[in-house]
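# Observations on the three-dimensional arrangement
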Amino acid sequence: MYKVVRRDEIVPNIHLIEIEVPGIAEKAKPGQFVIIMPDETGERVPFSMSDWNIEKGTITIFFLEVGISTAKMARIKSGGTIYSIAGPLGKPTSIDNYGTVVCGGGCYGIGAIYPIARAMKEAGNKVISIIEARSAYLLYMEESLKEASDQFFVSTADGSKGTKGRVQEVFAKLIDSGEKIDRSYFVGCTFMMMNCSDITKQYNIKTMVALNPIMVDGTGMCGCCRVTVGGNTKFACVDGPEFDGHQVDWKEIFERKSVYLKDEAMAYQTYQQTECKVSKV
Amino acid sequence: MEKKKEKNSRQPMPEQLPELRARNFDEVPYGYSPETAVKEAKRCLKCKKPGCITGCPVQVKIPEFLSLIAKGDFAAAARKVKETNALPAVSGRVCPQELQCESKCIVGKKGEPIAIGNLERFCADYERENNLVELPEKSASTGKKVAVIGSGPAGLTVAGDLIGLGHAVTIFEALHKTGGVLFYGIPEFRLPKAIVEAEVDFLEGMGVKIEVDSIIGNIRTVDELLSKDGFDAAFIGVGAGLPSFIRIPGMNLSGVYSANEYLTRSNLMRAYLFPEYDTPLIFGRDVAVFGAGNVAMDAARTAMRLGAERVRIVYRRSREEMPARAAEIHHAEEERIEFFLLTAPTRLFGDETGRLIGMECLKMELGEPDESGRRRPVPIEGSEFKLDCDLAVVAVGSGANPLLTKSTPGLDLNKWGYIVADPETGKTTKKAVWAGGDIVTGQATVISAMGAGRKAARSIHQYLTWGW
Ligand SMILES: Cc1cc2nc3c(=O)[nH]c(=O)nc-3n(C[C@H](O)[C@H](O)[C@H](O)COP(=O)(O)OP(=O)(O)OC[C@H]3O[C@@H](n4cnc5c(N)ncnc54)[C@H](O)[C@@H]3O)c2cc1C
Ligand SMILES: Cc1cc2nc3c(=O)[nH]c(=O)nc-3n(C[C@H](O)[C@H](O)[C@H](O)COP(=O)(O)OP(=O)(O)OC[C@H]3O[C@@H](n4cnc5c(N)ncnc54)[C@H](O)[C@@H]3O)c2cc1C
Ligand code: SF4
Ligand code: FES
């Protein structure tokens, strides 16, 4: 059992959870993730680390409530506990002075791109961060990201803040304005990472994406997380999660992610129904 | 004559009926009753030069424990076994006795050998179920600390031995549950998880500290354990946890699992109890399992229990080469698992959403012996045929997982990535570090992992006592 120091719904359906786990906090590096089991009957679910604090011995995650595991996590109160957390997992982002680096984030990736932006800036890069959301009220972490970046852009699908559209549109605008970009990083839902990779490919800009396939152990033991990159099978949990976005077989990722759709929907619904019953009593 | 034969024949193991058990996860054999156990034990001739002991990788004092069972002192029999075998309730269930002790039993030369495995299981179960397990006496504390990495049979044995010798022991386990393959790999119907948990509870009762969720290499390196965390020695028993796939098209279709994933979902994550447990699993109707070892049998029998209509073992060699325990092959056949021998998959087919729907196979025949001494299967040209399947499980072996070894400088590995360790002591090329079990030998057996653990524990104890 691990203590949840804080759990907040910071914008509708997106939660922040800060967990006390000093061993992981001490070792965490940008681009790495953890695997969480909310309770003893839960699944093992991967989440990117968005921040960590060695003195407090905590790590912070942002998550979207989409299914039973994240629903369970969304119901943990500050001061509560989670059953299991293992990490840090995956290869850290290779941080170097590349020149100008774009860091793009959407949904949970707004949080998850933050440590990458921060480290890139510390390494001497010019960091341009771009985030996206459906609407202004779904944006978070803006201040921290702004601080970690040389330039900071917002895009919203409904145009309520910043550029109307998505990360890839802001990116295209930057290029058109003559910005020379050496490398780009995208974290968020699979669609967003795929779309952004498509754009950067046109300009031949090296692009890394943090893939989020289904996982079990996170240690390379099961092969559940296999993805095809450049024609080779890779295990995202140990060979990634970051891969060259131009080499990824996106179709396969979508297919493999949708295997359990029916089961997931059923589990989520059953959970919500029992939750309702419990809360009525 | 008739009567004598009956008296001397091996006591059969009572089991759940195949039709019933093929659809439930309860353990298949019920175990001997005390009366049956005594009868069976009395068959032993108490040989002066017992063959059985030479066949046992950890030299259990077989005639001695059998004669204690014959006398009705079952707990004493269990203690006798435990002198050399830390987990008899486990090994009694999963050892390939037909290749080990029982293959060397004199009685077996003419008739059926003594059922040593069944009796080992019996006395260990008796001791545990009747709460007769005694905490052994612990030597005075030595003030030395040992880190055991991995909680499979190798790690559990090292921990048990060293805590008894007065050293402080902490087990670090990557997963959220202890037991290694005993927990995540071997299914409930063959090895009830309560038995593994009882063994771990016993170690905790002896004072072993257990840190789950601790992936060494990631959260802590071996060097940090030794130099910063005050451990005087480390034992690495991380198993052979790297799944092999087959190089044919379609391996990444949805519906194709490694055996590790399939069994981990079912056993460790309890997906067979979905939706009571949250982890989903594809419950195939038409299942193909590639391989014919214990792992393949476990996957095939799990699929049958999860409601499959047909389950096929697809294996490119012949029956003689199947590496599984004889009992498991027999059980699988009884449970209507079909064997497609001398058959190799050549490609898997998916539908437009990437879901597995079928496969193509090729018939093989046996040619010249290969480096393993087994006759090499060679394809018969033009023998391709197609099969429907909606779930395929790949159980063709496993390799060395590099997660720990690549973060541990100074540890020599062989060309396959396994740790080089002295077979007699488990000592590696790195100071204060020992290793044993599958991470040294490649996937082997539970008993050989325990044997390696015991040797390493002895060597670690010498090192901690006298230094080198
Ligand atoms: C390396 C890695 C890092 C990750 N980091 C994070 C993170 O920091 N925060 C986070 O919220 N998630 C993250 N994810 C994704 C997260 O693991 C999944 O969202 C998780 O499966 C949710 O579990 P669940 O049981 O709640 O939902 P499930 O029952 O597993 O899924 C329910 C439904 O939601 C869909 N779905 C899953 N993920 C998403 C998504 N991101 N956006 C839209 N739909 C989705 C599923 O396909 C399914 O249809 C990461 C995944 C990986 C592999
Ligand atoms: C499905 C299946 C069925 C089998 N059936 C039989 C059988 O019937 N009879 C038989 O004799 N043998 C059988 N075997 C083989 C037998 O289980 C193994 O040989 C034996 O378990 C090896 O023991 P071990 O202690 O070396 O490793 P394992 O049992 O593999 O345990 C290793 C442990 O280390 C942990 N670990 C890995 N990396 C790290 C890390 N970096 N940090 C911390 N912990 C880590 C793992 O999570 C695991 O818990 C079977 C194997 C499988 C997979
Ligand atoms: S070889 Fe057989 S008969 Fe002889 S001691 Fe061993 S079990 Fe008994
Ligand atoms: S999650 Fe099991 S190998 Fe990656």
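Residues numbered from 1 in each chain as written. Chains lettered and ligands numbered in written order. Predicted model: local features only at pLDDT ≥ 70, side-chain atom pairs only at ≥ 80, totals over all residues. Heavy atoms only, no water.

### Re the overall build of chain A
Put simply, the rule reads: What counts as a helix is a DSSP run of H or I of at least four residues, what counts as a strand is a run of E of at least two, and both are numbered from the N terminus. Working rule for contacts: check all heavy atoms of both residues, and any pair within 4.5 Å makes them a contact. Areas reported as accessible are Shrake-Rupley estimates using a 1.4 Å probe. Residue values count occlusion only from the protein chains shown. In this count, Lys and Arg are taken as positive residues and Asp and Glu as negative ones, while His and the chain termini are left out. A charged residue contributes its charge at one atom only: NZ of Lys, CZ of Arg, CG of Asp or CD of Glu.
When helices and strands are tallied, chain A shows 10 helices and 17 strands. Across its three principal directions, the C-alpha atoms of chain A cover 60 × 40 × 40 Å. In chain A, 65% of the contacts between residues at least 6 apart in sequence involve partners at least 24 apart. With an accessible surface of roughly 11300 Å², chain A has 51% of that area assigned to carbon and sulfur atoms. Distance from the positive charge centre (32 side chains) to the negative charge centre (34 side chains) of chain A: 2 Å.

### Quick word on the interface of chain A and chain B
Quick reminder of the rule: Once two parts are joined, some of their accessible surface, as seen by a 1.4 Å probe, is lost; buried area is that loss totalled over both. Criterion for a salt bridge: a side-chain nitrogen of Lys or Arg within 4 Å of a carboxyl oxygen of Asp or Glu.
Taken together, the contact pairs 42 residues of chain A with 44 residues of chain B. Taking both sides of the interface into account, the surface hidden between chain A and chain B amounts to around 3500 Å²; carbon and sulfur atoms contribute 54%. Here chain A and chain B share 4 salt bridges between them. Linking Asp278(B) and Lys72(A) is a salt bridge whose minimum nitrogen-to-oxygen distance equals 2.5 Å.

### Observations regarding the site of ligand 2
All names here are of chain B. We count it as follows: It suffices for a single heavy atom of a residue to lie within 4 Å of a molecule or strand for the residue to be listed as near it. In protein, a polar contact means a hydrogen-donor-capable atom and an acceptor-capable atom, both N or O and within 3.5 Å, with residues adjacent in sequence counting only if both atoms are side-chain atoms; elsewhere, any N or O pair within 3.5 Å suffices. Side-chain classes are defined by residue name, with Ala, Val, Leu, Ile, Met, Phe, Trp, Tyr, Cys and Pro counting as nonpolar, Asp, Glu, Lys and Arg as charged, and the others, Gly among them, as polar. Each domain's extent was defined by an automatic or database domain assignment.
Val94, Ala154, Glu173, Arg190 and Asp438 are the nearest of the 35 residues found near ligand 2. At 2.9 Å, a backbone N or O of Ala154 approaches an oxygen atom of ligand 2. A distance of 3.0 Å separates an oxygen atom of ligand 2 from a polar atom in the backbone of Val446. Protein contact buries 95% of the 1000 Å² of open area that ligand 2 shows by itself. When contributions to the shell around ligand 2 are tallied by element, the ones reaching two or more residues are helix 10 (153-164), helix 15 (294-305) and helix 19 (446-466). The element that contributes the greatest number of residues to the shell around ligand 2 is helix 15, accounting for 3 residues. Of the residues assigned to the shell around ligand 2, the class counts are 18 nonpolar, 12 polar and 5 charged. In terms of domain composition, the shell around ligand 2 takes at least three residues from each of domain 2 (145-240 + 400-466) and domain 3 (242-396).

### A look at the nonpolar core
Note that soluble globular proteins tend to have their nonpolar side chains buried in a common cluster. As a reminder, the rule being used: In plain words, nonpolar cores are sets of buried Ala, Val, Leu, Ile, Met, Phe, Trp, Tyr and Cys residues tied together by side-chain atoms within 4.5 Å. Only protein chains enter the accessibility calculation, which uses a 1.4 Å probe; a residue whose area is less than 20% of its type maximum is buried, one above 50% is exposed, and one in between is partly exposed.
Ile19(A), Ile59(A) and Phe65(B) are the most contacted members of the largest nonpolar core, which has 159 residues in total. The dominant element in this core, judged by the number of residues it contributes, is helix 19 of chain B, at 9 residues. Dropping the residues within four chain positions of it, Ile19(A) is found in contact with Tyr2(A), Lys3(A), Val4(A), Ile36(A), Gly57(A), Thr58(A), Ile59(A), Ile61(A), Ile82(A) and Ile85(A). If you look at the next biggest cluster of nonpolar residues, it comprises 36 residues, including Val167(A), Ile175(A), Ile181(A) and Ala236(A).

### Some remarks on the sheet that holds strand 14 (residues 391-394) of chain B
Residues and elements named next belong to chain B. Counted only if it meets this: DSSP bridges decide pairing: two strands pair if at least two such bridges lie between them. Simply put, an axis is a line fit to the C-alpha atoms, just over the touching stretch for a helix, and the angle between two N-to-C directions goes from 0 to 180 degrees.
The strand order across the open sheet built from 5 strands is 6-14-7-8-9, with neighbouring strands paired in parallel fashion. The two strands at the open ends of the sheet, each matched to only one other strand, are strand 6 (256-258) and strand 9 (338-340). Neighbouring strand axes in the sheet, compared pairwise and without regard to direction, differ in orientation by 25° on average. Note: strand 8 (residues 310-314) against strand 9, 3 bridges, orientation parallel. From the neighbouring strand, Val314 faces strand 9, where its bridge partner is Phe340.

### Points about the site of ligand 3
All names here are of chain B. Surveying the vicinity of ligand 3 reveals 13 residues, the closest of which are Cys44, Cys47, Cys52, Pro63 and Cys105. Only helix 4 (51-55) and helix 5 (62-70) provide two or more residues apiece to the shell around ligand 3. The residue inventory of the shell around ligand 3, partitioned by class, reads 12 nonpolar, 1 polar and no charged.

### Thoughts on the sheet that holds strand 14 (residues 206-210) of chain A
All names here are of chain A. Read from one edge of the open sheet, 7 strands run 12-11-10-9-13-14-17, paired in mixed fashion. The sheet is open, and its two borders are formed by strand 12 (163-164) and strand 17 (242-244), each paired with just one other strand. By the bridge criterion, 4 bridges tie strand 13 (residues 183-187) to strand 14 in an arrangement that is parallel. For Phe186, the partnering residue across the bridge sits in strand 14 and is Val209. Each of strand 9 (100-106), strand 10 (126-133), strand 11 (151-156), strand 12 and strand 13 touches helix 6 (residues 167-176); the most contacted strand, strand 10, lies at about 145° to it.

### Some points on the domain arrangement of chain A
All names here are of chain A. Split by domain assignment, chain A resolves into domain 1 (2-89) and domain 2 (100-257). Each of domain 1 and domain 2 was reduced to a C-alpha centroid, and the two centroids are 21 Å apart. Listed per partner, the contact involves 18 residues of domain 1 and 22 residues of domain 2. In total, about 1600 Å² of surface goes out of reach between domain 1 and domain 2, with carbon and sulfur atoms giving 70% of it. Joining domain 1 to domain 2, the criterion identifies 1 salt bridge. Connecting domain 1 to domain 2 are 5 residue pairs in polar contact (both at pLDDT 80 or more). Tallied by class, residues from the side of domain 1 that touches domain 2 come to 13 nonpolar, 3 polar and 2 charged.

### What to know about the domain arrangement of chain B
All names here are of chain B. By domain assignment, chain B separates into domain 1 (2-129), domain 2 (145-240 + 400-466) and domain 3 (242-396). At the interface, 17 residues of domain 2 touch 16 residues of domain 3. The junction of domain 2 with domain 3 conceals about 1300 Å² of combined surface from both sides, 56% of it contributed by carbon and sulfur atoms. Linking domain 2 to domain 3 there are 3 salt bridges. The residue Arg270 makes a salt bridge to Glu188 at a minimum N-O spacing of 3.9 Å.

### Topic: unusual backbone geometry
The omega torsion across Gly87(A) and Pro88(A) is -10°, close enough to zero to call that bond cis. Summarising the element assignment, Pro88(A) is placed in strand 8 (residues 84-89). Going from Phe274(B) to Pro275(B), the amide bond is cis rather than trans, its omega being 5°. Take Pro275(B): it is sitting in the loop between helix 14 (259-268) and strand 7 (286-290).

### So, helix 9 (residues 116-129) of chain B
All names here are of chain B. Filter applied, for reference: Take the residue count of a helix, subtract one, and multiply by 1.5 Å to get its expected span.
The terminal C-alpha atoms of helix 9 lie 20 Å apart, and with 14 residues this matches the ideal 20 Å at 1.5 Å per residue to within 8%. Of all 14 residues making up helix 9, 11 are buried, and the element is well covered by its neighbours. Taken together, the buried positions of helix 9 are Ile116, Gly117, Asn118, Leu119, Glu120, Arg121, Phe122, Cys123, Ala124, Asp125 and Glu127. Asn131 sits one or two positions beyond helix 9 and adopts a positive phi of about 50°.

### Describing the environment of Thr163(A)
Relative to the assigned elements, Thr163(A) resides in strand 12. Measuring from C-alpha to C-alpha, the distance between Thr163(A) and Trp52(A) comes to 31 Å, with 111 residues separating the pair along the chain.

### A look at the packing of helix 6 (residues 74-82) of chain B against helix 9 of chain B
Residues and elements named next belong to chain B. The condition that has to hold: Should an angle lie under 35 degrees it is considered roughly parallel, over 145 roughly antiparallel, and from 65 to 115 roughly perpendicular; all remaining angles are considered oblique. Note on convention: near helix rotated counterclockwise from far helix by under a right angle means a left-handed crossing. Clockwise means right-handed.
Interhelical geometry of helix 6 versus helix 9 gives an angle of 115° and a closest axis separation of 8 Å. With respect to helix 9, the element helix 6 is oriented roughly perpendicular. Helix 9 is crossed by helix 6, and the crossing has left-handed handedness. Of the residues in helix 9, those in contact with Phe74, Ala75, Ala77, Ala78, Arg79, Val81 and Lys82 of helix 6 are Glu120, Phe122, Cys123, Ala124, Tyr126 and Glu127. Here the residues of the contact of helix 6 with helix 9 sort into 9 nonpolar, no polar and 4 charged.

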